[in-house]
Amino acid sequence: MVIEGIQADPKTLVGAPVMVGGNADVTMYDKNAVCKSTGYVHVVGVWSLEGLMTAGKTSVICKGPILKGQSVYAQWGGYCSANQQADLKRKTLVGTALHDCGPGDTIAECILKL
């Protein structure tokens, strides 16, 4: 599902996991950001050419090897990987990989599970 009319920070990459805030409606996920009202950080979608993707199948920027069916997590710097962060105050699950990819920087098709 695409939400149109959302503005992304100009530095936001297509395929990057995003969170609410920054210099626009959404910005690339940042591990150091903390929501002032809740103390939590949540990935709310993936930025695409069409707008903010919150459900369905989309392409995400990935680093490292990822296997088909493996969970994909947001990482700082605008990419995803198979490594889950241990910080319970961060909701970083982005989705499930639909194919094998990596090693290195790749684009992976994922089903979003935000």
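For the structure, see preceding data.
What this report covers is the structure whose coordinates are included nearby. Quick caveat, the model's predicted, so the values are computed rather than measured. In this numbering scheme, every chain counts its residues from 1 along its sequence in written order. Residues qualify for local features only when their pLDDT is at least 70, as the model is predicted, and side-chain atom pairs are given and counted only at 80 or more; totals for whole chains, interfaces and linings, by contrast, use all residues. Note that water and hydrogens are dropped before the side-chain values are worked out from all heavy atoms of the structure.

**Topic: the environment of Met1**
Each helix is a run of DSSP H or I of at least 4 residues and each strand a run of E of at least 2, with the numbering of both proceeding from the N terminus. By secondary structure assignment, the location of Met1 is in the segment before strand 1 (2-3). Residues Met1 and Ala55, 54 residues apart in the sequence, show an inter-C-alpha distance of 4.8 Å.

**Concerning the pairing of strand 12 (residues 105-112)**
A pair of strands is labelled paired if DSSP reports no fewer than 2 bridges between them. Sheet analysis places strand 7 (residues 57-63) next to strand 12, joined by 7 bridges and oriented antiparallel. Within strand 12, the position partnered with Ser59 by the bridge is Glu109. Both strand 11 (residues 93-97) and strand 12 contribute to a ladder of 3 bridges, which runs antiparallel. Its bridge partner being in strand 12, Gly95 is matched across the sheet by Leu112.

**Quick notes on the environment of Thr106**
Its place among the elements puts Thr106 in strand 12. Judged by relative accessible area, which is 22%, Thr106 ranks as partly exposed. For Thr106 and Cys80, which are 26 residues apart along the polypeptide, the C-alpha to C-alpha distance reads 9.9 Å. Contact between two residues is taken to exist if any of their heavy atoms lie within 4.5 Å; hydrogens are not considered. In this view, Thr106 contacts Val60, Ile61, Cys62 and Cys101; residues no more than four positions away in its chain are not counted. The classification of residues rests on relative accessible area computed with a 1.4 Å probe and restricted to protein chains. Under 20% of the type maximum is buried, over 50% is exposed, and intermediate values are partly exposed.

**Details of the sheet that holds strand 3 (residues 26-28)**
Strand order in the open sheet formed by 5 strands is 1-6-5-2-3, and the pairing between neighbours is antiparallel. For this open sheet the edge positions go to strand 1 and strand 3, each flanked by a neighbour on one side alone. Pairing between strand 1 and strand 6 (residues 52-53): 2 bridges, direction antiparallel. In the sheet register, Ile3 faces strand 6, and the bridge partner there is Leu52.

**Structural notes on the side chain of Thr58**
Within the fold, Thr58 resides in strand 7. A residue is classified by how much of its surface remains accessible, and Thr58, at 8% relative accessible area, is buried. Excluding residues that lie within four positions of it along the chain, Thr58 makes contacts with Val46, Ser48, Met53, Ala108, Glu109, Cys110 and Leu112.

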